Amino acid sequence: MNFNVNDLVRENVKRLLPYSSARDEFSGEAKIFLDANENSLGSPTTKWYNRYPDPHQQKIKEKLTAIKGVPSKNIFLGNGSDECIDLLFRAFCNPGKDNVIICPPTYGMYEVSAHINDVELRKVPLLDNFQLDLVHLETRVDDFTKIIWLCSPNNPTANSLSREDIEIVLNNFPGIVVIDEAYINFSRHRSFIQELSEYPNLVVLQTLSKAWGLAGLRLGMAFAGEEIISICNKIKPPYNIGQATQEIVLNALDHVEDVNEMIRVLVRERDLMAKQLSLIDVVEQVYPSDANFLLLKVRNARDVYAALLSKGIVVRDRSNVQLCEGCLRITVGSPAENTALVNSLKDYGTAL
Ligand SMILES: Cc1ncc(COP(=O)(O)O)c(C=O)c1O
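Because the structure is predicted, anything quoted here is derived from the model rather than measured.

Caption draft 1: Representation of the site of the ligand in the model. Contacts to the ligand come from 13 residues, most closely from Ser81, Asp180, Tyr183, Thr207 and Ser209. Here an oxygen atom of the ligand sits 2.8 Å away from a polar atom, N or O, in the side chain of lysine 210. In the complex, 91% of the free accessible area of the ligand, which totals 400 Å², lies under the protein chains. Looking at the shell around the ligand, its residues break down into 4 nonpolar, 5 polar and 4 charged.

Caption draft 2: Inspection of the state of the cysteines at higher detail. Counted under the stated rule, the structure contains 0 disulfides. Free of any disulfide, cysteine 84 has its nearest neighbouring cysteine sulfur in cysteine 232, separated by 7.2 Å. Judged by relative accessible area, cysteine 84 falls into the buried class, the value being 1%. Its sulfur unpaired, cysteine 103 is 10 Å from the next cysteine sulfur, which belongs to cysteine 151.

Caption draft 3: Just unusual backbone geometry, in detail. Looking along the chain, the bond that leaves serine 152 and enters proline 153 is cis, with omega of -5°. Note on placement: proline 153 falls in the loop between strand S4 (145–151) and helix H8 (163–172). The omega torsion across asparagine 155 and proline 156 is 15°, close enough to zero to call that bond cis. Position of proline 156 relative to the elements: it lies in the loop between S4 and H8. Positive phi, close to 55°, is recorded for asparagine 37, a residue that is not glycine. At alanine 158, a residue that is not glycine, the phi angle is positive and equals roughly 80°. Considering the arrangement of structural elements, one finds alanine 158 in the loop between S4 and H8.

Caption draft 4: Structural context of helix H6 (residues 109–116). For H6, every residue scored as buried is listed here: Tyr110, Ser113 and Ala114. The buried residues of H6 occupy an angular sector of 105° when projected down its axis, which confines them to one face. Exposed and oriented more than 90 degrees from the buried face of H6 are His115 and Ile116. In this structure, the buried side of H6 is in contact with helix H5 (81–92), strand S2 (99–102), strand S3 (120–123), S4 and strand S5 (176–180). Among the residues trailing H6, aspartate 118 stands out with phi positive, at a value near 55°.

Caption draft 5: Molecular detail of the sheet that holds S4. The strand order S1-S7-S6-S5-S4-S2-S3 describes an open sheet built from 7 strands, whose pairing is mixed. Lying at the two open borders of the sheet, with one neighbouring strand each, are strand S1 (75–78) and S3. The mean inter-strand angle of the sheet, taken between neighbouring strand axes irrespective of direction, is 25°. In the sheet, S2 pairs with S4 via 4 bridges, with the strands oriented parallel. If you follow isoleucine 101 over to S4, its bridge partner there is isoleucine 148. Against the sheet, H8 makes contact with S4, S5 and strand S6 (202–207), and its axis sits at roughly 155° relative to S5, the strand it touches most.

Caption draft 6: Looking closely at empty space enclosed by the protein. Under the definition given, this model contains 1 cavity of 30 Å³ or more. Volume-wise, the largest cavity comes out at about 30 Å³. Surrounding the largest cavity, Cys103, Thr106, Leu126, Leu132, Trp149, Leu150, Cys151, Asn154 and Leu161 form its lining.

Caption draft 7: Seen up close, the packing of aromatic side chains. This structure, assessed with the given rule, holds 7 aromatic pairs. For the ring pair phenylalanine 26 and phenylalanine 33, a centre distance of 5.7 Å and an interplane angle of 85° mean the geometry is edge-to-face. Given a relative accessible area of 29%, phenylalanine 26 falls into the partly exposed group. On the basis of relative accessible area, phenylalanine 33 is assigned to the partly exposed category, the value being 26%. Summarising the aromatic geometry, the rings of tyrosine 52 and tyrosine 239 are spaced 4.4 Å apart at their centres and angled 15° between planes, so their arrangement reads as stacked. Taken together, the residues tyrosine 52 in the loop between helix H3 (22–25) and helix H4 (58–68) and tyrosine 239 in the loop between helix H9 (226–235) and helix H10 (243–252) connect sequence positions 187 residues apart. Judged by relative accessible area, tyrosine 239 falls into the partly exposed class, the value being 22%. Among the aromatic side chains, those forming a connected cluster through ring pairs are Phe89, Tyr107, Tyr110 and Trp149. In this structure, arginine 163 packs its charged tip against the face of phenylalanine 192, placed 4.0 Å from the ring centre.

Definitions and limits used
- Residues numbered from 1 in each chain as written.
- Predicted model: local features only at pLDDT ≥ 70, side-chain atom pairs only at ≥ 80, totals over all residues.
- Heavy atoms only, no water.
- Near = heavy atom within 4 Å.
- Polar contact = N/O pair within 3.5 Å; in protein donor to acceptor, adjacent residues only side chain to side chain.
- Areas by Shrake-Rupley, 256 points an atom, 1.4 Å probe, with all protein chains shown as cover.
- Nonpolar A, V, L, I, M, F, W, Y, C, P; charged D, E, K, R; others polar.
- Disulfide = S-S within 2.5 Å.
- Buried < 20%, exposed > 50% of the residue type's maximum accessible area, 1.4 Å probe, protein only.
- Helix = DSSP H or I, 4+ residues; strand = E, 2+ residues; numbered from the N terminus.
- Arc of directions from axis to C-beta.
- Contact = heavy atoms within 4.5 Å.
- Pairing = 2+ DSSP bridges.
- Axes fitted to C-alpha atoms, helices over the stretch in contact; angles between N-to-C directions.
- 1 Å grid on protein atoms, 1.4 Å probe; cavity = no way out; pocket = protein on both sides within 12 Å on 5 of 7 lines; lining within 4 Å.
- Points joined across faces, edges and corners; volume = space filled by probe spheres on them.
- Phe/Tyr/Trp six-rings, centres within 6.5 Å; stacked < 30°, edge-to-face > 60°.
- Lys NZ or Arg CZ within 6 Å of the ring centre and 35° of its normal.

Given below as structure tokens:
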């Protein structure tokens with residue numbers, strides 16, 4: 001396979017002279033900063049946030065290197081993975097000309113970002129076992145296919161895609177292959193993050209929004225070869241990760257053990273909940289999960305959804321989604337929340 005990032009990147013991005021921020025143009029020691037039109041008097045908060053944050057988030061990247069074993073030059077940080085998704089479209093896909101492939105049912109933002117960027121979206125649905133349809137996938141790739149979006153573990157089906165299938169795509173597709181690993185911490189399977197040097201076309205997305213419990217801060221990570229990361233850095237808004245987020249994340253990254261403990265609890269709860277739910281009459285099937293949520297097929301999904309809502313429990317109704325007909329997607333919550341969910345479904349069953 002012939003992979004060359006320069007053949008894929010948009011011409012306008014190649015030619016682009018990136019924004020040069022005040023803090024990019026200055027290096028060395030200074031006491032008085034009058035270069036960025038900030039407010040030197042302070043902020044109306046107990047802690048001051050009057051200075052722009054590090055545009056390169058160097059300290060966070062150093063800690064991530066220690067945790068993930070990936071060098072800083074291979075890490076891009078976004079305002080949530082959603083920003084990374086959008087930037088990949090903007091870097092590689094020419095509006096009205098190029099196309100990308102997604103494998104539904106899957107995370108909705110790939111489609112939304114494609115539409116925002118006016119990029120043709122080709123859908124190659126997963127097979128009935130929620131695995132890739134490689135035969136169909138191959139027929140949909142053409143010279144204008146820039147990105148194949150894979151999500152593993154997949155939202156909303158909760159399963160991991162077969163590693164061998166993903167490797168076949170990586171080995172044969174000469175464009176970018178994104179593997180969205182938002183739920184990887186809950187999976188029995190290994191991340192692709194260690195394979196970056198093997199696959200120059202690979203981008204792995206991860207996020208602090210799930211296992212790390214930091215959805216409110218918005219921090220997404222893209223791991224890829226140096227050239228792809230430089231392109232993302234070139235087109236990102238200069239200060240895309242705020243100072244407060246950077247500080248809190250920096251502190252949170254010292255607590256890997258606490259996160260691992262939360263993961264253990266959530267995985268245990270997930271497996272317990274799956275067993276309990278499978279015994280309830282209205283539940284027809286609980287799909288195996290490698291994530292922090294369960295996909296269930298229930299009788300009268302819309303009615304069950306409404307009944308749960310009337311008890312103050314909101315789940316995700318996926319019953320109109322292709323291959324998920326009759327399904328609800330339920331996040332694994334705290335032990336008390338999970339018990340409340342299971343009891344409400346039992347009550348629903350007996351009320352019939
Ligand atoms: C597969 C997948 N990727 C990415 C995201 C969004 O992540 P972030 O909060 O980092 O934007 C989600 C959120 O639900 C998701 O399910």
